[in-house]
Amino acid sequence: MDLEKIFFLQTQLDKAILENHNLDHKNLFPKKIISLIVELSELANATRCFKYWSLKPPSSKEIILEEFVDSLHFVISLGIEINFIDFKKIQYKNNESPLYEQLLSLYIDINDFLACRNEENFISIFNDLMGMGLAMGFLEEEIFNAYLKKNEINLLRQADGY
């Protein structure tokens, strides 16, 4: 996956959001953390991985991928917040733990990052998210293409006064 391209595109989207909403010089870090938690929760809801009481199947693969990519947007945005650029340190692999456990791990990673905004904690979030994506059966190319598509939608939304 072309991480440099994703970070560049996210930087452009973040700049558009800052300009459109007059957010220059605002500390958006805590709001981005909450946004990530909400998006991960929407992903959990789409997968239904925690709904032990229900027989209803998960959402379609396309919906789950979109929720995953929404989470990825905020993870990348958080990486930009700490000026992360050492893409060689990113090393994710398929995670074989149950999906609900992977989500709990991500929530812990996010809490750690909130407490200490450093590269190591960011890399943990990124690697765990991508490992979860692979575990859900998404290929890197699918994730990359879905990111590009959603990023374009998000830019159009900003241009339309979203």
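Bear in mind the structure is a predicted one, so any value in this text is a computation, not a measurement.

One full turn of an α-helix is made of 3.6 residues, so residues set three or four places apart face in the same direction. For helix α3 (residues 61-81), with 21 residues, the first-to-last C-alpha span of 30 Å sits near the 30 Å given by 1.5 Å per residue. Looking one or two residues past α3, N83 carries a phi angle of roughly 60°, positive in sign.

On to the nonpolar core. Counting residues in hydrophobic clusters, the biggest one holds 40 residues, and the most contacted among them are L40, L72, F122, F126, L129 and M132. Put simply, the parts of the chain that give this core at least two residues each are α1 (3-20), α2 (29-47), α3, α4 (99-115), α5 (119-135) and α6 (140-159). When residues of this core are assigned to their parent elements, the largest contribution, eight residues, is made by α3. In this structure L72 touches F126, L129, M130, I143 and Y147, once residues within four positions along its chain are discounted.

Time to look at α5. In this model α5 runs 24 Å from its N-terminal to its C-terminal C-alpha over 17 residues, within 8% of the 24 Å that 1.5 Å per residue would give. Taken as a whole, α5 has its buried residues at N121, F122, I123, I125, F126, N127, L129, M130, G131, M132 and G133. A side-chain oxygen of the first residue of α5 lies 3.3 Å from the backbone nitrogen of E120; this N-cap is N118. Phi turns positive one or two residues past the end of α5, at G137, with a value near 95°.

With that settled, the discussion passes to the side chain of Q158. Among the structural elements, Q158 can be located in helix α6. When its relative accessible area of 9% is taken as the criterion, Q158 is described as buried. Once residues within four sequence positions are removed from consideration, Q158 is found in contact with L13, A16, I17, N20 and H21.

The rules behind these values
Residues numbered from 1 in each chain as written. Predicted model: local features only at pLDDT ≥ 70, side-chain atom pairs only at ≥ 80, totals over all residues. Heavy atoms only, no water. Helix = DSSP H or I, 4+ residues; strand = E, 2+ residues; numbered from the N terminus. Expected span 1.5 Å × (residues − 1). Core = buried A, V, L, I, M, F, W, Y, C linked by side-chain atoms within 4.5 Å. Buried < 20%, exposed > 50% of the residue type's maximum accessible area, 1.4 Å probe, protein only. Contact = heavy atoms within 4.5 Å. Polar contact = N/O pair within 3.5 Å; in protein donor to acceptor, adjacent residues only side chain to side chain.

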